[in-house]
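Secondary and tertiary structure notes
What follows is each chain in one-letter form.
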Amino acid sequence: MKEISCKLLVIGAGPGGYVCAIRAGQLGIDTVIVEAKKPGGTCLTVGCIPSKAFIHAAEEFDKVRHFANGGSAIGISVEAPRLDLGKTVEWKDGIVGRLTGGVSALLNKARVKIVKGEAKFRDGKTIEVETETGTQIIRAENIVIATGSEPVEIPALPFGGTVISSTEALALREVPAKLVVVGGGYIGLELGIAFSKMGSAVTVVEATKQILPLYDADLVRPVAKRLKELGIRVLTNASAKSLSDGGLVIQTAEGGSETLPADKVLVTVGRKPRMEGWGFDELDLDRAGRFLRIDDRCRTSMRGIYAIGDVTGEPMLAHRAMAQGEMVAEIVAGHKRSWDKRCIPAVCFTDPEIVSAGLLPDEARGQGLEIKIGQFPFSANGRAMTTENEDGFVRVVARADNHLVLGIQGVGQGVSELSSAFALAIEMGARLEDIAGTIHAHPTRSEGFQEAALKAMGHALHI
Ligand code: FAD
Ligand code: NAD
């Protein structure tokens, strides 16, 4: 049995864990990272990146199909396109390979020792890892749990065969003719739209009264409109019951039942923290609901043990995990750091995309704040017109008394790239006047941001 010691041990090399290890290495901390699968975690191997590769491929295919069907006003015509999903998956795997290889290279550059295998706590300072060459014992002054999350299974619809999670969906080599998506949240809609564009007949079954229940109805409306255009059937207030020979049996909003024919049933009803396999039961760690409880320094209830990323709660987003990872590395290095972020922007890569940073109007009102809202439609934006897609808007939510910007949302084609401007404005404590007084390049969709701020002050220029 081999034994090593280090100052910092990180369990899990997803966005949280690998960023923590790289930053620790940069700071000269003697660091070991243990990963059971591939560096990059869910995000790089079966999450953010593969799904966006699929979404891009589907958009390209859909665009050409649109031209082939004579649906373009621009004047482009082409022959009917074909999609080889096997090749798409190989292309996607190539991107994943480049990124996971890149993460390993960055860890090596930062002099982080990578141990491949499943880590399990022996006690609060000791981990054992089953590696290909035997058991490795690692003793560490500080340990970071970054074990991530996994898909939630519906008991009546266990994964396997026809019933798949996003991981299997992103490895399909043929487009399913009939796809039923259970759960109309982030993953269900991102992938449901992508498969629809690739040729699947898609039905979305959502338990609540609205798809994307995290967002308000105004933000979701342009997406719902696009789903209709794509021919995606959306059943709200409906829930999946069982699989039968004829397909997926659901309970409808009216309380009856319906069988939806399905070649594949994609279950996307959320993700849960990965709490099994690493020894949680042997430790004295507090939970916050399903997640590990942490404080504003990502410290758990046990001294010297930190937790970051999806295992610590919502929002389960890669950039939150990375920011926590970087912070914990600096804390271990002795820096004075604590979680003081004003917002964690979120992007839903649907068609059109949705961005939200800070508070939604109802959240601000819920905090008892008096607010001003400015909303500017892309139908009044020159750049949007030149891209044949004028749906959506930018909305700014600010305090009525001092114009401090509390939240910024957008829905529209390509608005994901505005997310950093939105987050920066909130992080810097911008007032409406700061956004309105910043020159926004013309012609860009970002002018909608400036106009929304002007509108909140009562004098938008282009509407
Ligand atoms: P993970 O990325 O889950 O990594 C945890 C790692 O720990 C894994 O590699 C796992 O193998 C390893 N591990 C677990 N237990 C052990 C053990 N005992 N020993 C050794 N290793 C272990 N987020 C976004 O911000 N933007 C997006 O566009 C986005 N798209 C997504 C699309 C899909 C389809 C999915 C599923 C998720 C998406 N997410 C997105 C969420 C994002 O992937 C997660 O928030 C992020 O990966 C969390 O990072 P993490 O480091 O906490 O955990
Ligand atoms: P989600 O929480 O976004 O959506 C789950 C949906 O399923 C909800 O609308 C919920 O009401 C519905 N639901 C729950 N139980 C149901 C049932 N029995 N029948 C029908 N509907 C049901 O979860 P997800 O889409 O699985 O994604 C998991 C997490 O991954 C997200 O919360 C997010 O943190 C992360 N993610 C982020 C991105 C991104 O940032 N673009 C993309 C994908 C995933």
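Residues numbered from 1 in each chain as written. Chains lettered and ligands numbered in written order. Predicted model: local features only at pLDDT ≥ 70, side-chain atom pairs only at ≥ 80, totals over all residues. Heavy atoms only, no water.

A word on the site of ligand 1
By nearness alone, 37 residues border ligand 1, and Glu 35, Thr 42, Lys 52, Ala 119 and Asp 310 come closest of all. Note that an oxygen atom of ligand 1 is positioned 3.1 Å from one of the backbone N or O atoms of Met 316. Across the complex, the protein chains shield 94% of the 1,000 Å² of accessible surface that ligand 1 would expose by itself. At four residues, helix H2 (residues 41–46) tops the list of elements feeding residues into the shell around ligand 1. Across the shell around ligand 1, the residue classes break down as 16 nonpolar, 14 polar and seven charged. (Near = heavy atom within 4 Å. Polar contact = N/O pair within 3.5 Å; in protein donor to acceptor, adjacent residues only side chain to side chain. Areas by Shrake-Rupley, 256 points an atom, 1.4 Å probe, with all protein chains shown as cover. Helix = DSSP H or I, 4+ residues; strand = E, 2+ residues; numbered from the N terminus. Nonpolar A, V, L, I, M, F, W, Y, C, P; charged D, E, K, R; others polar.)

Overview of the domain arrangement of the protein chain
Segmentation of the protein chain into domains returns domain 1 (2–46 + 89–151 + 272–332), domain 2 (163–269) and domain 3 (346–457). Its C-alpha centre places domain 1 at a distance of 35 Å from the equivalent point of domain 3. (Domains from an automatic or database assignment.)

A short note on the nonpolar core
Judged by nonpolar contacts, the single largest core of 36 residues is most densely connected at Phe 195, Tyr 215 and Ile 354. Of all elements in the fold, only helix H3 (48–68), helix H4 (85–109), strand S9 (178–182), helix H6 (186–198), strand S10 (201–205), helix H7 (217–230) and strand S20 (346–348) reach the threshold of two or more residues within this core. Of the residues forming this core, the biggest block, six residues, is contributed by H6. Each of domain 2 (163–269) and domain 3 (346–457) contributes no fewer than three residues to this core. (Core = buried A, V, L, I, M, F, W, Y, C linked by side-chain atoms within 4.5 Å. Buried < 20%, exposed > 50% of the residue type's maximum accessible area, 1.4 Å probe, protein only.)

Comments concerning the environment of Asn 402
Within the secondary structure, Asn 402 sits in the loop between strand S23 (393–399) and strand S24 (405–412). As a C-alpha pair, Asn 402 and Leu 432 span 30 residues in sequence and 8.9 Å in three-dimensional space.

Observations concerning the sheet that holds strand S15 (residues 264–267)
Taken in spatial order, the five strands of this open sheet run S8-S15-S9-S10-S11, and their pairing is parallel. On the outer flanks of this sheet lie strand S8 (163–164) and strand S11 (233–235), each paired with one strand and no other. In the sheet, S9 pairs with S10 via five bridges, with the strands oriented parallel. Across the sheet, Leu 179 pairs through a bridge with Val 202, a residue of S10. Strand contacts of H6: S9, S10 and S15, with the helix running at about 165° to S10, the strand carrying the most contacts. (Pairing = 2+ DSSP bridges. Contact = heavy atoms within 4.5 Å. Axes fitted to C-alpha atoms, helices over the stretch in contact; angles between N-to-C directions.)

Quick notes on the site of ligand 2
Not every one of the 22 residues close to ligand 2 is listed here, only the nearest: Ile 187, Glu 190, Glu 206, Met 316 and Val 347. A distance of 2.8 Å separates a nitrogen atom of ligand 2 from a polar side-chain atom of Glu 190. In terms of residue count, H6 provides more of the shell around ligand 2 than any other element does, four residues in total. The residue makeup of the shell around ligand 2, split by class, is twelve nonpolar, seven polar and three charged.

Focus: the state of the cysteines
Such a bond, covalent and formed between the sulfur atoms of two cysteines, is termed a disulfide. This structure, assessed with the given rule, holds zero disulfides. As a non-bridged cysteine, Cys 20 has Cys 298 as the owner of its nearest cysteine sulfur, 9.0 Å distant. (Disulfide = S-S within 2.5 Å.)

Describing unusual backbone geometry
Excluding glycine, most residues fall at negative phi; most peptide bonds, likewise, are trans. For the bond from Glu 314 to Pro 315, the omega torsion is -10°, close enough to zero to count as cis. The residue Pro 315 is located in the loop between strand S19 (305–307) and helix H8 (318–332) in this model. Asp 351 connects to Pro 352 through a cis peptide bond whose omega is -5°. One non-glycine residue, Asn 237, lies in the positive phi region at around 50°. If you trace the backbone, Asn 237 turns up in the loop between S11 and strand S12 (239–244). Of note in the backbone geometry, His 403 takes a positive phi value of approximately 65° without being a glycine.

Observations regarding H3
An α-helical turn contains 3.6 residues, so a residue and the one three or four places further along point in the same direction. Across its 21 residues, H3 extends 30 Å between first and last C-alpha, which sits within 8% of the 30 Å expected from 1.5 Å per residue. Those residues of H3 that fall on the buried side of the exposure criterion are Pro 50, Ser 51, Ala 53, Phe 54, Ile 55, Ala 57, Ala 58, Phe 61, Asp 62 and Phe 67. (Expected span 1.5 Å × (residues − 1).)

Quick notes on the side chain of Thr 312
On the secondary structure map, Thr 312 appears in the loop between S19 and H8. Overall, the relative accessible area of 10% leaves Thr 312 in the buried class. A polar contact is formed between the side chain of Thr 312 and the backbone oxygen of Gly 309, at a distance of 2.6 Å. In terms of polar contacts, Thr 312 uses its side chain to reach the side chain of Arg 320, at 3.0 Å.

Details of the packing of helix H1 (residues 15–26) against H4
Put simply, H1 and H4 touch, their axes get as near as 8 Å, and they point 30° apart. Looking at the two axes, H1 sits roughly parallel to H4. When you trace H1 past H4, the crossing you get is left-handed. Packed against H1, whose contacting residues are Tyr 18, Ala 21 and Ile 22, the element H4 presents Val 103, Leu 106 and Leu 107 at the interface. Each residue belonging to the contact of H1 with H4 can be placed in one class, and the counts come to six nonpolar, no polar and no charged. (Parallel < 35°, antiparallel > 145°, perpendicular 65-115°, else oblique. Left-handed = near helix turned anticlockwise from the far one by under 90°.)

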